[in-house]
Amino acid sequence: MRALALGLIGVVFLLFLSGSGIANLYTDFLWFDALDRSSVWTSVLGTKIALAVVFTSVFFTLAWGNLYLADRIAPEFRPRGPEDDLVERYLAVAGPHQRRIRVVIAGLFALFAGANTSGRWRDWMLFRNGGDFGWTDPLFNRDAGFYVFRLPFWTFVVDWLFLALIFVTMLVIVAHYLNGGIRASGKERVTATAKIHLAALLAAVALLRAVAYYLDRFELVNAGRGVYDGALATDVEVQLPALNLLVLISLVSAVLFLATIRRAGWGMPVVAVLLWMVSHLVVGDLFPALYQRLRVEPEESVREASYIGDNIDATRFAYGLDESRLTVVDYVYESSLSSEEVNANLDILDDVATIDPSLTAETFAREQAEREGYSFTSRLDVDRYLIDGDLEPVVIDVRSLNPAGLNQGWEAQHVAFTHGYGAVIAEAGSDPGDVEYLLDGFPTFDLAEGFESELTTPQIYFTDGLDGYAIVGASRSEDDYIGDDVPFTYDGTGGVPMGSFVRRLAFALRFQELNPLISPFVTSESEAIYRRDVSERVRNLAPFLSLDADPYPVVVDGRVQWVIDAYTTTNDFPYAQKFNRNEVLGAGADLTGGFNYVRNSVKAVVDSYDGDVTLYIVDDSDPIVAAWAAAFPDLFSSMDELPDSLAEHLRYPADVFRVQTSVWSSYQVSDPEQFLEGALRWKVATEPGSAPDSTSSDLPMPPQYRVTRLPGETETEFVLQRAFVPSSADSATGRPELTGVMIARSDPEHYGQLIQYDLPAGQVAAPDLVDADINKDEEISQFITLRASQGSNVKFGEMQLVMLDDTIVYLRPLYIQATSGNAVPELTQIIAVSGNRIAMEDTLMAAVRGVTVDGGGSSGGSTGSSDGSGDLPPVPSLGEATVSGLIDLAQEYLDAADQLEAAGDAEGAAENRARAQDALEQLDQLLGFSEPVTGNDSGEA
């Protein structure tokens, strides 16, 4: 009875350990089935099982067959020796069970050898479905598809068989020893039959090694021996001949192993092994390394020049930077900006986004979250919408559910409060002052005049970064929105039915909670909503795609749709440089390095209410996505099926643009010798500091989305841009200048096109240099000092580079945040820089006109100040005052007060300080920090 009880306990324990895994597998299937994608789940699982079964069977056949042969050719009588006591005892016990032992040993090791092969399901599917790239490598004249789709799987199979045969050979040696075919002492240490068996196995190992060396030849097109990848001087001139020689030596070794069958002793096998080992070490490793160090590196520019051009061409193609996708334009630059040019480009200036997506996120959170159970992200998304028929830049975010702000009870977390509520959209081009909302309000929504993107289904069940699960269709209603106890019943298709006991048990195991199994709220009509993070949904549905770190919401057709850019990558594209600069991308990005080919081939769209996932192929020229589409014909949709209303909001993804601009920094140089010298290399412009007088962050400026009209174009469009400077540029030791600006186009008719504007050398200051000039400007410094003296923090928003036909203007918003209470940053000023002219005003247009050659603006940062003599003007009325005028006047009063006090005129000094205070109070009123004082708008003390 005790043994039975222990057995039952063991069974229960094993079921408990495996129950969670079984539940996850089962609920995964239910999730795929709810999305009508069960064929994807079954295809992947079926492929994994098939690979494991095939490779397990191959290993079992090899192992069992050779063990069986070892038993069949064993000597009939086994002479005794001093080491045979242990063997005799083993044979006495195991002899009657040899057949079963063979099966168990072969089966056990086969399971270990075959189980991990299921992880190669991606390689197998690409092997079966991959096609051609239309790009041929210059060394072997093979299409890139051979290296991306076929070579990885062939290499895996050969390497697996090589290791399997070595392991089987070791098992056979043990079997022959136990059977008496191999002896540790005596005249005949190896019987003739055992010798033939082992010689044949070793010859097979040598033949597989020859095949492996043959395939290694093709791996040279991705060699990384030097600074640059691909088959370069040492690989072509030394390593390739060495591999050809190793193929021959491996074949000779196989012949020597077979020749042992007819010759006495093991001399030839020993010669074969020594020959292979020495050749592999000296010819395959040592000599190429010495050649690289002693012959190539001392004259790299000469020896590598004839090969590096192939790396340049392949890298440009692999990252979408070749001539078919990127157009290079010489930008004719004029340093001066006239009022006439401003008037001719009013449409561009009207579309400048003055709102900083990071700083304004605090405003959204404070003014629009409405309840503690809702939250916004730390950085708003930038998009464009039609307002009165014109394309305008906007910032947008979704009021997502914030479980941390809810009651921590199970009912509140999973049954009552199940979703977020609504979206908020604001104009990105607002002038200083309050944010101008286009879509806001709670629980009803207000639309600004001329804005037509109405939100009729505000419930947000699926969003960015939302973990956990919700149960809908429970016996109690959900709360439609937090705080007002308004009932709501979910009628979407995003849930998985959980009414049966088996399903409820499976979900309880999956969620590691008992409540889904025992709660009376869960009925036969209930459904579980899980994988609520939109990126997680796409990642589980298509695990072979890499995802952008920034899903963005779009209000279209009355709902919020999430758009996630998805990428196909490989590290096997011949001759292309591998991308390993992890610091280029932020947290959450999948493109963190280790690849040498990338395409933004797919746009994933996730419905925030139903959770439906649609994968649209937007780049059908990509052979990798074509292979996946062939493997999963029901998974993808064509671009033709994408609604026009959604296509108008697609944007070129920032993550792949970061990668492309990082690669282009070096690969904009096409001449191999100049490329190797590195003197013409660029880098992405450095991001200026956000605080006054702060040094630059030494981080590259992030890409910026903008609505603009490109030089030479007639229509406004939505673009992504980034600027370059020389790689040697350093604001601390010199004057970094812009070398180029890259633009990625997003509107449907031009989507995916890249334009590189090359700037004339030494004429346009880099952003961090402009930032230094802004901080040195006297008027701006006075403004910052005065605001700091009033207990406020001054923050700079993102610096924007605006191309106006043939000139460039930098624009930077300035925010003020009170240090007391929970104040949010408020946009108060706009700074414009053109050439060496700087202006700060309370509107964008005033700042731009301030840097025109015929409109004013400081040059070099000098401003006038009073010397204390004579009468100073009074503080102007609120209707006549300007920000810059009040700043100058307040500074003049303070300077005069200091001089009068030094001269012994305490009364005059006090009067001027009082007037300075009046000017600052007037400045507060003008900037909206306080209300006008009734009855005293003259500003006089």
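Residues numbered from 1 in each chain as written. Predicted model: local features only at pLDDT ≥ 70, side-chain atom pairs only at ≥ 80, totals over all residues. Heavy atoms only, no water.

Participant: Is there a simple way to think about the pattern of salt bridges in this case?
Facilitator: Oppositely charged side chains can form a pair if their charged atoms are brought close together. Summed over the entire model, instances satisfying the criterion amount to 31 salt bridges. Between R531 and D28 there is a salt bridge, and its shortest N-O distance comes to 2.6 Å. Linking R531 in the loop between β15 (527–530) and α18 (534–541) with D28 in helix α1 (residues 2–34), this pair joins segments that are 503 residues apart in sequence. No difference in accessibility class separates R531 from D28, as the two residues are buried. Through salt bridges with shared partners, a single ionic network connects D28, R510 and R531. (Salt bridge = Lys/Arg side-chain N within 4 Å of Asp/Glu carboxyl O. Helix = DSSP H or I, 4+ residues; strand = E, 2+ residues; numbered from the N terminus. Buried < 20%, exposed > 50% of the residue type's maximum accessible area, 1.4 Å probe, protein only.)

Participant: So what exactly am I meant to see when it comes to the sheet that holds strand β11 (residues 469–472) here?
Facilitator: Where strands meet in a sheet, backbone hydrogen bonds hold them as pairs that are either parallel or antiparallel. Ordered in space as β11-β15-β14, the three strands form an open sheet in which the pairing is antiparallel. The open sheet has two free edges, formed respectively by β11 and β14 (496–497), since each of these has just one partner strand. (Pairing = 2+ DSSP bridges.)

Participant: It is not clear to me how unusual backbone geometry should be interpreted in this structure. Could you clarify?
Facilitator: With the exception of glycine, the majority of residues adopt a negative phi angle, and the majority of peptide bonds are in the trans configuration. With an omega of 5°, the peptide bond running from F442 to P443 counts as cis. One non-glycine residue, E370, lies in positive phi territory at about 75°. Examined against the element boundaries, E370 turns out to sit in the loop between α14 (359–368) and β2 (374–375). With relative accessibility at 38%, the residue E370 sits in the partly exposed group. For Y575, which is not glycine, the phi dihedral falls at a positive 75°. You can see Y575 is positioned in the loop between β18 (559–570) and β19 (597–607). The class of Y575 is buried, set by a relative accessible area of 2%.

Participant: Even after reading the chapter, I still don't get the sheet that holds strand β7 (residues 423–427), so can you show me in this structure?
Facilitator: Taken together, the five strands give an open sheet; going across it, the order is β3-β4-β7-β8-β9, and neighbouring strands pair in antiparallel fashion. Each edge of the open sheet is held by one strand with a lone partner, namely β3 (381–387) and β9 (446–447). By the bridge criterion, seven bridges tie β3 to strand β4 (residues 390–398) in an arrangement that is antiparallel. Residue R384 lies in a different strand from β4, and its bridge partner there is P393. Taken strand by strand, α14 contacts β4, β7 and β8 (437–440), and its axis lies near 45° from that of β8. (Contact = heavy atoms within 4.5 Å. Axes fitted to C-alpha atoms, helices over the stretch in contact; angles between N-to-C directions.)

Participant: In this structure, what is going on with the side chain of T418? I would like to understand it.
Facilitator: Its place among the elements puts T418 in the loop between α15 (410–416) and β6 (420–421). The class for T418 is buried, based on a relative accessible area of 0%. Looking at T418, its side chain comes within polar contact range of the side chain of H419, at 2.8 Å. Beyond its immediate sequence surroundings of up to four residues, T418 is in contact with L401, Y461, A470, I471, E478 and R532. (Polar contact = N/O pair within 3.5 Å; in protein donor to acceptor, adjacent residues only side chain to side chain.)

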